[in-house]
Amino acid sequence: MKIALPAPRREGSMSLEEAIDRRRSIRRYKDDPLTLEEVSQVLWAAYGINRWGKRTSPSAGACYPFEVYIVVENVEGLSPGVYLYDGKAHSLETVREGHFRKALAEACLGQRCVATAPVNIVIVAHYERTTGRYGERGIRYVHIDAGHMGQNIYLQATALNLGTVAVGAFRDEEVKGVLGVPGEPLYVFPVGVPGE
């Protein structure tokens with residue numbers, strides 16, 4: 001099922017300079033739900049389409065080797081489950097319904113930030129999209145591209161007064177099992193309202 005997301009804001013109240021200055025890794029979140037607008041904005045910043053018709057994060061040779069998933073636990077207007085973000089349509093597609101946050105946290109070595117975040121963004125790579133063009137060197141490009149997207153997530157979360165942290169410590173096969181999709185997970189970004 002496709003779920004249309006609210007249109008992203010193209011201007012905000014926090015300058016880029018201020019977001020860079022305030023950016024930090026936040027691992028504790030309140031029990032507050034996120035709004036659909038907040039989730040929409042962070043997903044757009046990660047892998048949406050900008051005013052030039054291009055992705056919001058750069059990619060070597062415009063290969064765009066990623067799929068972006070969210071594991072939802074507490075978002076207003078969204079049932080718990082796993083969703084695929086479609087940046088071109090700025091929508092979500094239901095992958096799996098149900099509560100998967102606990103299983104994702106266990107796959108992430110029991111990290112509390114994953115276990116308590118209302119939403120976790122999971123970046124999944126399809127290396128062949130880039131290595132098909134660049135050969136072995138494409139592996140490096142995929143990792144560089146993931147960093148671009150990660151910084152966009154950090155800065156947008158900061159601009160929305162939300163918290164996030166880049167999580168790379170996880171058991172790949174278990175994360176794949178939670179999502180139930182192909183590809184190689186590279187990053188997990190829990191996102192929530194900063195707590196104490």
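Structural data are supplied above this passage.
Numbers given to residues run from 1 along each chain, matching the order in which its sequence is written. Confidence filtering applies because this is a predicted model: local features only for residues at pLDDT of at least 70, side-chain atom pairs given and counted only at 80 or more, and all residues used for totals across whole chains, interfaces and linings. Hydrogen atoms and water are omitted, and side-chain values are computed over all heavy atoms in the structure.

Chemist: Before we go on, may I ask you to explain the packing of aromatic side chains in this structure?
Modeler: Between two aromatic rings, the relevant description is the distance of the centres plus the angle of the planes. Classification of ring pairs uses Phe, Tyr and Trp, with its six-membered ring standing for Trp, and accepts pairs whose centres are within 6.5 Å; under 30 degrees between planes counts as stacked, over 60 as edge-to-face, and the remaining range as tilted. One pass over the structure, following the stated rule, counts five aromatic pairs. When the centroid spacing of 6.1 Å and the interplanar angle of 70° are considered together, the rings of Y47 and F66 count as edge-to-face. In this pair, Y47 sits in helix α2 (residues 36-47) while F66 sits in strand β2 (residues 66-72), placing the two residues 19 residues apart along the sequence. Accessibility classification places Y47 together with F66 in one group, the buried group. Secondary structure counts use DSSP, requiring at least four H or I residues in a row for a helix and at least two E residues in a row for a strand, with both numbered from the N terminus. Exposure classes here rest on a 1.4 Å probe applied to the protein chains alone. A residue is buried below 20% of its type maximum, exposed above 50%, and partly exposed in between.

Chemist: When you look at the sheet that holds strand β5 (residues 119-125) in this model, what are you seeing that I'm missing?
Modeler: Either a parallel or an antiparallel arrangement is found when strands of a sheet pair, and the pairing is made through backbone hydrogen bonds. Whether two strands pair depends on DSSP finding at least two bridges between them. Within the open sheet, the seven strands sit side by side as β1-β4-β3-β2-β5-β7-β6. Their pairing is antiparallel. Every interior strand has two partners, whereas the edge strands, β1 (2-4) and β6 (163-164), have only one. Judged from the three bridges that link them, β1 and strand β4 (residues 91-97) form a sheet pairing that is antiparallel. Its bridge partner being in β4, A4 is matched across the sheet by S91. Contacts between residues were defined by any pair of non-hydrogen atoms, one from each residue, lying within 4.5 Å. Every axis corresponds to a line fitted to the C-alpha atoms, with the helix fit spanning only the stretch in contact, and the corresponding angles, defined between N-to-C directions, vary from 0 to 180 degrees. Along the sheet, helix α6 (residues 137-159) contacts β2, β5, β6 and β7 (184-192); its crossing angle with β7, the most-contacted strand, is approximately 5°. Sitting on the sheet, helix α7 (residues 172-179) is in contact with β2, β3 (81-86), β4, β5 and β7, with an inclination near 65° to β7.

Chemist: Any chance you could explain the pairing of β3 here in plain terms?
Modeler: Consecutive side chains of a regular strand alternate in pointing toward one face of the sheet and then the other. Taken across its six residues, β3 has five buried, putting it largely inside the fold. As paired elements, β2 and β3 share five bridges and run antiparallel to each other. Considered in β3, the bridge of V72 is made with G81. For β3 and β4, the ladder comprises six bridges, and the chain directions are antiparallel. For Y85, the partnering residue across the bridge sits in β4 and is L92. Two successive antiparallel strands, β3 and β4, enclose a turn made up of four residues, where H90 displays a positive phi of approximately 45°.

Chemist: Is there a simple way to think about α7 in this case?
Modeler: Every α-helix winds through 3.6 residues per turn, so residues three or four apart in the chain are directed the same way. Every buried residue belonging to α7 is among V175, K176, V178 and L179, and all of these are buried. Each buried residue of α7 lies within a common arc of 160° when the element is viewed along its axis, so the set occupies one face. On the buried face of α7, the contacting elements are β2, β3, β4, α3 (101-107), β5 and β7. Backbone geometry just after α7 places G180 at a positive phi near 70°. It is the directions from the helix axis to the C-beta atoms that the arc portrays.

That's the geometry; what it means functionally is another story.
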